[in-house]
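In case you want the letters, here they are:
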Amino acid sequence: MSTSLMHDDMKAFQDLAHNFASRELDHRREASDRYPFGPFDDAVLAKAHELGFLGITLPEDMGGIGQGIRTLCVILECICRTDASWGTVIFTNTLAQELVLRSGAADMLREIPLSNNPNDVLIAFPAYSNPQEHQDLPRAAKRDSGYSLSGSIHYVVLAPIAAHALIPAKIPGMEGYSLFLVDLSSPKVKKSDPVFSLGAHACPAADIVLNEAEAGLIGQEGKGLIVFEETVNILYAAAAAISLGIMRGSFDRALAYSNEREQGGWPIINWSEMKMILADMAIRVKIADMAVGEALNAIERKIAGWDIYSKTAALHVQDTACHVTTDGIQVLGGYGYMKDYGQEKRFRDATQIKTLLGMAPLRKMDLIDQINTGL
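Described in the following lines is the structure provided in the data block. Along each chain, numbering runs from 1 in the same order as the chain's sequence is written. With pLDDT at 70 or above as the cut-off, local features in this predicted model cover only qualifying residues; side-chain atom pairs require 80 or more to be listed or tallied, and sums for whole chains, interfaces and linings still use all residues. Water and hydrogen atoms were dropped before computing side-chain values, which therefore reflect all heavy atoms in the structure.

Before going further, it helps to examine the overall build of the protein chain. A count of helices and strands for the protein chain gives 12 helices and nine strands. Throughout, radius of gyration means the C-alpha value; the globule benchmark is 2.2 Å times the number of residues raised to the power 0.38. Relative to the 2.2 N^0.38 estimate, which gives 21 Å for 375 residues, the radius of gyration of the protein chain is 21 Å and therefore close to what a compact globule would have. Counting only C-alpha atoms and orienting by the principal axes, one finds that the protein chain spans roughly 80 × 50 × 40 Å. Burial classes: relative accessible area under 20% of the type maximum marks a residue as buried, over 50% as exposed, and values in between as partly exposed (1.4 Å probe, protein chains only). Per-residue burial over the protein chain gives 54% buried out of 375 residues. We call two residues in contact when some of their heavy atoms are within 4.5 Å. Residue pairs in contact within the protein chain that sit at least 24 positions apart in sequence constitute 76% of those at least 6 positions apart. Note on areas: Shrake-Rupley, 1.4 Å probe, and residue coverage restricted to the protein chains presented here. Within the structure as shown, the protein chain displays about 16,100 Å² of accessible surface, and the carbon and sulfur contribution to it stands at 53%. Charge assignment in this entry is limited to Lys and Arg as positive and Asp and Glu as negative, and neither His nor the chain termini are counted. To locate a charge, take atom NZ for lysine, CZ for arginine, CG for aspartate or CD for glutamate. Computing the positive centroid from 34 side-chain charges and the negative centroid from 46, the protein chain places the two 2 Å apart. The secondary structure listing takes helices from DSSP runs of H or I that are at least 4 residues long and strands from runs of E that are at least 2 residues long, numbered from the N terminus.

Dropping the structure here:
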């Protein structure tokens with residue numbers, strides 16, 4: 001099935017992501033999914049770093065490959081057909097990098113050394129939530145040179161493996177929240193054991209406790225919400241691309257199985273009920289593909305209301321992915337619930353990733369408020 005995400009000049013990136021997924025992820029998917037009860041796969045992370053996937057939108061003079069949102073979406077969609085955990089690793093690191101860049105704090109990224117160690121360039125962030133929804137963010141206090149943070153923050157994605165974290169915190173007496181860069185190796189930062197989640201197991205997360213930990217302010221005091229919304233309005237399209245990849249992987253597996261599996265002397269794809277399920281999956285995948293493609297067009301052309309395109313694409317595709325992966329399990333019958341075939345993992349991943357960038361019900365209420373007020 002063709003994709004509307006692609007431009008002709010992106011074939012090389014699609015091939016790169018496809019080869020990465022087929023050579024590095026496919027045969028490791030089941031083992032990677034055992035984390036945190038099995039080891040984290042450092043070799044895959046190192047390969048992703050070697051290929052430039054940990055700096056897709058980062059400028060070349062900062063060690064990245066200087067691509068835009070469309071290339072990011074093409075790569076994420078392709079990787080997540082095989083294993084969405086690694087798409088979420090790339091997404092979270094890109095989100096943190098973009099927040100720093102859009103805060104006007106590129107110099108702080110440059111202070112992070114270009115390293116062959118991928119852990120050194122990773123930046124953790126609580127990517128499954130909107131900081132504005134938190135009532136108990138850490139507190140920031142001014143010091144002679146910089147700030148210190150105290151308090152706790154839950155489910156910081158990449159915290160078990162990243163060298164730094166971007167932490168939203170409140171400055172007493174000031175409205176809103178600010179963003180701070182924290183060195184996770186500091187003795188004043190305590191990380192919990194990796195948190196066991198429903199899906200995306202190979203994208204680790206941990207709770208963090210800060211005790212007067214030294215932190216660098218990113219951007220301006222109290223402007224965290226503005227920067228966050230500017231950034232995620234674009235990255236909603238990337239979140240949708242992750243779910244699209246999961247859907248396409250589930251459909252491809254279901255279609256292949258229905259051609260291989262015989263019952264009554266012929267492949268089950270010849271049964272009319274099976275054709276109906278597969279047709280519903282194909283329709284939902286194609287509509288999701290069109291939604292993400294239109295969101296990317298709106299973003300790149302700065303069409304009026306482009307941010308609504310991006311938000312609605314994410315909400316629709318993330319919700320639809322849960323339906324498609326449920327059908328993907330049904331096509332495989334009892335095998336659909338076994339780890340060997342990957343379908344049950346795709347269902348868990350789709351459900352987990354539905355909460356990227358905040359809970360869906362709250363994002364829906366924000367969307368209707370925005371449409372109603374015309375802002």
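Now that the structure is up, let's keep going.
Right, let's get into the layout of surface pockets. Points on a 1 Å grid over protein atoms alone make up a cavity when a 1.4 Å probe fits among them but cannot get out, and a pocket when they form an open set with protein on both sides within 12 Å along at least five of seven lines; lining residues each have an atom within 4 Å of a point. Grid points are joined across faces, edges and corners, and a volume is the space filled by probe spheres set on the points. Looking at the second largest pocket, its volume works out to about 230 Å³. Taken together, 13 residues form the lining of the second largest pocket, with E229, N233, Y236, K311 and D366 sitting closest to its centre. Every element with two or more residues in the lining of the second largest pocket is listed here: α8 (224–260), α10 (306–331) and α12 (360–373). A total of five residues in the lining of the second largest pocket trace back to one element, the largest contributor, which is α8. The classification used treats Ala, Val, Leu, Ile, Met, Phe, Trp, Tyr, Cys and Pro as nonpolar, Asp, Glu, Lys and Arg as charged, and all other residues, Gly among them, as polar. Residues belonging to the lining of the second largest pocket are distributed by class as follows: five nonpolar, three polar and five charged.

With their axes 7 Å apart at the nearest point, helix α4 (residues 69–80) and α8 run at an angle of 25 degrees to one another. Taken together, α4 and α8 sit at an angle that is classed as roughly parallel. Two packed elements cross with a definite hand, and for α4 against α8 that hand is right-handed. For the pair formed by α4 and α8, the contact residues are I69, L72, C73, L76, E77 and C80 on the first element and I234, L235, A237, A238, A241, I242, L244, G245, I246 and R248 on the second. Its residues placed into classes, the contact of α4 with α8 shows 13 nonpolar, one polar and two charged. Interaxial angles span 0 to 180 degrees and are taken between N-to-C directions of axes, which are lines fitted to C-alpha atoms, for helices over the stretch in contact. These descriptions rest on fixed angle ranges, namely under 35 degrees for roughly parallel, over 145 for roughly antiparallel, 65 to 115 for roughly perpendicular, and the rest for oblique. Throughout, a crossing is termed right-handed when the near helix is turned clockwise from the far one, and left-handed when it is turned anticlockwise from it by less than a right angle.

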